[in-house]
Amino acid sequence: MAIFPNPCLLAYLLTLMVLQLPTLDSAPFDVSAPQEPVLALVGSDAELTCRFSPNASSEHMELRWFRQTRSPAVLLYRAGQEQEDQQMAEYRGRATLVTDGLPDGRATLRIRGVRLSDQGEYRCFFKDNDSSEEAAAHLKVAALGADPHISMGVKENGQIQLKCTSSGWFPEPEVQWRTPSGDRIPVTAESRNRDEEGLFTVAASVIITDSSIKNASCCIQNLLLGQEKEVEISVPAPFVPRLTPWIVAVASVILALGFLTIASIFFTWRLYKERARERKSEFGSKERLLEELRCKKTALHEVDVTLDPDTAHPHLFLYEDSKSVRLEDSRQILPDRPERFDSWPCVLGRETFTSGSHYWEVEVGDRTDWAIGVCRENVVKKGFDPMTPDNGFWAVELYGNGYWALTPLRTPLRLAGPPRRVGVFLDYESGDISFYNMSDGSLIYTFPSTSFSGPLRPFFCLWSCGKKPLTICPAGNGPEKITVIADVQDTVPLSPLGEGPASGEVDTLHSKLISFSPSQAAH
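About the thresholds
Residues numbered from 1 in each chain as written. Predicted model: local features only at pLDDT ≥ 70, side-chain atom pairs only at ≥ 80, totals over all residues. Heavy atoms only, no water. Pairing = 2+ DSSP bridges. Helix = DSSP H or I, 4+ residues; strand = E, 2+ residues; numbered from the N terminus. Axes fitted to C-alpha atoms, helices over the stretch in contact; angles between N-to-C directions. Phe/Tyr/Trp six-rings, centres within 6.5 Å; stacked < 30°, edge-to-face > 60°. Buried < 20%, exposed > 50% of the residue type's maximum accessible area, 1.4 Å probe, protein only.

Caption draft 1: Seen up close, the sheet that holds strand β14 (residues 189-194). Taken together, four strands build an open sheet; the order of strands is β11-β12-β15-β14 and the sheet is antiparallel. Single-partner strands in this sheet number two, and they are β11 (149-154) and β14. Averaged over all adjacent pairs, the angle separating strand axes in this sheet is 15°, with direction ignored. Examined bridge by bridge, β11 and strand β12 (residues 160-169) share six bridges and lie antiparallel to one another. Bridged to Ile150 within β12 is Cys164.

What follows is the structure in structure tokens.
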């Protein structure tokens, strides 16, 4: 007799098989990584591997190695290639995927030039369609430091002190001092510091109190690597200082010579002071006479200089008294006259000189740049012709923290101190143009003697903007007392002795015409 199955049971089994079909089509896979951490030395390469099963190819899957967050990743492999734009900056060029094992279900991350910061957990993440799995791998980093260095010293009591130092260790190493027989020597001082990369520098000192110890070794161990570095040194016998008779004799002689030297220096100093007072007393009357003569010459040649607004560059602003000028960023709308400077920020004085001797002073204060001097009335005022004697300019300037004479190759000037007031002296007939530091009465520079032709005018220039103006001192504003700095001569010349250098050498002659004391020049 045939037995037919229950129709309801058949329908249930068929429905269950249909529901299980998607699951069979997308079979799950597993991802695993070794539990033991991978150990790598600083500077070497390290490889972290994870496996996925079944052993199907992962060429069309997404593979991501990451640390704390999935993005940015240590490495992202998608569509058959690495995605560098989504890689962490510190791993670009260092982290790559070894693709040889992908067909066998093996994904290996290779990190080149391992750093201490690479230590920690790495997660291997696989994704295929809607299914994903991940596993964790661990990287440990160690560093074997440099060979130990031993330095030796002797303490005041004659005991030998040894110090052992080494750097570049990780993790923190163990330091031991040993005797040749292996016995430990107690460490008296020890320090452990970490550098910017996190590596340890260690130092350990010992004092040798046992005279039987002839050799000692310093051993530094990296317990994680199971490696060590050791260096040995010979220990001399303890030094016991004793004062022998010859040492006492030498010390006594040195002490006596020291007292004699001090006494001779003091005696020489007293003699120098006395002679200086005598010379000052002898020189006093003649000095006062020369001061009076020089004051008269200064008053005789001093002129009252004012600024000519028709020559001023549009960026130069003149004050109402026509004695001060400053440079500003804004440009004035002024008539474009032939005599007006249009490129160099310059202005001329109203006065013209065709003969005689003339003297004026300019207050430069603590401005950081300026140019002062004399020029021909017909100099080219349009364009950027060099301001040199060949083009009709005789000037000195402060520019770029240096003082210069505007010669064809610009002569550097070495001054004892920065002038706050500059004196300009012109002797037309003798062809003399000289500049003086009125803060200490010294000569700044004298141009080589020139044969002038045509009118000359005072010349002023500013190179940068600022609230502090360049000011022409009013005539008759000289000091009441003058200190002579140059050697005294029987006659008083009207111009500095000698010509200024033109080849770059700095003229160190002092003024033979006007010399003011620093305290008065500050007024």
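Caption draft 2: Representation of the packing of aromatic side chains in the model. For the structure on display, the rule yields 14 aromatic pairs. Look at Phe266 and Trp269: their rings are 6.2 Å apart centre to centre, the planes differ by 35°, and that puts the pair in the tilted class. Of the two residues, Phe266 and Trp269 are both situated in helix α2 (residues 245-301); the distance of three residues between them amounts to about one turn of the helix. Of the residues examined, Phe266 reaches a relative accessible area of 49% and is grouped as partly exposed. The exposure class of Trp269 is partly exposed, given its relative accessible area of 48%. Feature note: the residues Trp344, Phe384, Tyr399 and Trp463 constitute an aromatic cluster, connected by ring pairs.

Caption draft 3: Just the pairing of strand β28 (residues 442-446), in detail. Burial of β28 is extensive: five of the five residues sit out of reach of the surface. In the sheet, strand β27 (residues 432-437) pairs with β28 via four bridges, with the strands oriented antiparallel. Paired with Ser434 across the strands is Thr446, a residue of β28.

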